[in-house]
Amino acid sequence: MRNVYLVTAFVVVLAVSILGFRGTPFTKPPIDVFPEWAFPGMKRQPKPYPQGASRFFADGRADRPLPPGVVSRDPLRNDYALYEGKAADGSWLRGFPSALTVDAKLMARGKERFTIYCAPCHGAVGDGNGITKQYGMGATPTYHDPRLRDMAEGEIFNTITHGKNNMLSYADKLLPEDRWAVILYVRALQRAQTGTVSDVPADHRKELGL
Amino acid sequence: MSKLFPKSANKLPLQIIVYLVVLAGVVTAGATYYMTPKYTRVGYAPVQPVPYSHALHAGQLGIDCRYCHSNVEKSGVANLPTSQTCMNCHNQVKKDSPLLAVVRHSYETGEAVPWVKVHQTPDYVYFNHAIHVNRGVSCVECHGKINEMEVVTHAQPLSMGFCLDCHRNPAPRVREPGDVFNLDSATIAQKSGLEAAHKFLKDRNIKPPQSCSGCHR
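Q: Help me understand the environment of Ser-192 of chain B in this model?
A: Along the chain, Ser-192 of chain B falls in helix α10 (residues 188-203). Between the C-alpha atoms of Ser-192 of chain B and Arg-66 of chain B, which are 126 residues apart in sequence, the distance is 27 Å.

Shown next as structure tokens:
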């Protein structure tokens, strides 16, 4: 009987040394207790998954690109100010589209979106000294030069939508409304750089020691 | 008739029963330890086609999760980034690095980068990122400290028990909306006590589903 216990103990030690402990990193696909080949269709249905692979289409992906000439079923985007950044005469829009209300809410949204999508390169205050500058992205401009300060809002909208030279498009990450919110915040950053004492309300000047 | 069994054989049935009980205990312990997702999944870190590091990009560079996983607060599915997202920077930083050859090829030809999926729930479970993220559940609760991982590793079992643990008692694990994407942030309970966390849940009427049809729909 002692031998039986010894053999059992040996098997346990052997199993633990082969199987290891919980949480050890491994690279092979996880073992499944009820594997898919034994119970087909239980966990995985033959259907296209988001960003998944497909053996049906030649390019191997389940997400289909739009065929050329496809017409959107969404409401017609004929508000050129909102969606293209252009005024009625085709020039870049100055100011903001009339479809949007410019208020503190839009500004807060713009600040949040700017911090996520623009600050890594353009920096938190828009001076072009984001974290990527230290790693060799020297071309990122500051917003605080006269050319960008005088640039029409519509042209900045176009830069975000279609990119410009080394800066690629952000249209897939920002909805048109969010792009305008970001522009509003960029304008605020630019304004902040040229602030003077007269911009500070009289009753707050003392707090700043002015 | 000669004696077939020695006297000690009298104890044998009892000894066998005792042994079987011990063996059953060992097998049960082994099965609970080795046959649950806590063992089979946690630690899964597949080799990716590009040695992309979250520790560098999300940790050291401090890029927000939403810069790449840009649909995570809008949609049920957290998307992987397009190769254009990588090229935003890598058309200037390390633009000739051999490690990024796959990404450049994908950007030029439109072929997908063959990333290997790490986390996956079965089809009979409904999971939605947006509802969790917008209700104060941070990525770190289900994915671990991604911002410190060189290679994405499956950190939590994502089993039914794991989901239900939180759905039954979310209070200790919710965060302020502003902290959800900061994986190093403290929960409301750590910051200002469980009282405040319960108040947060009550004010927003956060009631995670516990009925079967909530997740198996």
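Q: Even after reading the chapter, I still don't get the packing of aromatic side chains, so can you show me in this structure?
A: Both the distance between ring centres and the angle between the ring planes are used here to describe each pair of aromatic rings. This model, assessed by the stated rule, comprises twelve aromatic pairs over all chains. With a centroid separation of 6.1 Å and an interplanar angle of 35 degrees, the aromatic rings of Tyr-117 of chain A and Tyr-67 of chain B are classed as tilted. Here Tyr-67 of chain B lies in helix α4 (residues 65-68) and Tyr-117 of chain A lies in helix α3 (residues 104-117), a pairing that spans two chains. Grouping aromatic residues by their ring pairs yields a cluster made of Phe-96, Phe-157 and Trp-180 of chain A. In this arrangement the basic side chain of Lys-173 of chain A is found over the ring face of Tyr-67 of chain B, its NZ or CZ atom lying 5.9 Å from the centre. For Arg-66 of chain B, the ring lying beneath its charged end belongs to Phe-181 of chain B, and the centroid distance is 3.7 Å.

Q: Sorry if this is basic, but what is going on with the domain arrangement of chain B here?
A: Interfaces are often sized by the amount of accessible area the parts lose when they come together. Annotation of chain B at the domain level lists domain 1 (1-35) and domain 2 (42-48 + 73-78 + 120-217). Computed from C-alpha coordinates alone, the two centres of domain 1 of chain B and domain 2 of chain B are separated by 46 Å.

Q: It is not clear to me how the interface of chain A and chain B should be interpreted in this structure. Could you clarify?
A: Of the residues lining the interface, 44 residues belong to chain A; the matching set on chain B comes to 50 residues. Between chain A and chain B the total buried area reaches about 4300 Å² when both faces are included, carbon and sulfur atoms providing 56% of it. Broken down residue by residue, the surface that chain A buries against chain B is led by Arg-22, Leu-168 and Lys-173 of chain A, which jointly contribute 15%. Counting every contact that joins chain A to chain B gives three salt bridges. Of the charged contacts in the structure, one is a salt bridge between Arg-113 of chain A and Glu-73 of chain B, with a shortest N-O distance of 2.9 Å. Linking chain A with chain B are 24 residue pairs in polar contact (both at pLDDT 80 or more), by the criterion used here. Per element, the largest residue contribution to the side of chain A that touches chain B is six residues, and it comes from helix α1 (residues 2-19) of chain A. The residue makeup of the side of chain A that touches chain B, split by class, is 24 nonpolar, ten polar and ten charged.

What counts and what doesn't
Residues numbered from 1 in each chain as written. Chains lettered and ligands numbered in written order. Predicted model: local features only at pLDDT ≥ 70, side-chain atom pairs only at ≥ 80, totals over all residues. Heavy atoms only, no water. Helix = DSSP H or I, 4+ residues; strand = E, 2+ residues; numbered from the N terminus. Phe/Tyr/Trp six-rings, centres within 6.5 Å; stacked < 30°, edge-to-face > 60°. Lys NZ or Arg CZ within 6 Å of the ring centre and 35° of its normal. Domains from an automatic or database assignment. Contact = heavy atoms within 4.5 Å. Buried area = accessible area lost by both parts, 1.4 Å probe. Salt bridge = Lys/Arg side-chain N within 4 Å of Asp/Glu carboxyl O. Polar contact = N/O pair within 3.5 Å; in protein donor to acceptor, adjacent residues only side chain to side chain. Nonpolar A, V, L, I, M, F, W, Y, C, P; charged D, E, K, R; others polar.

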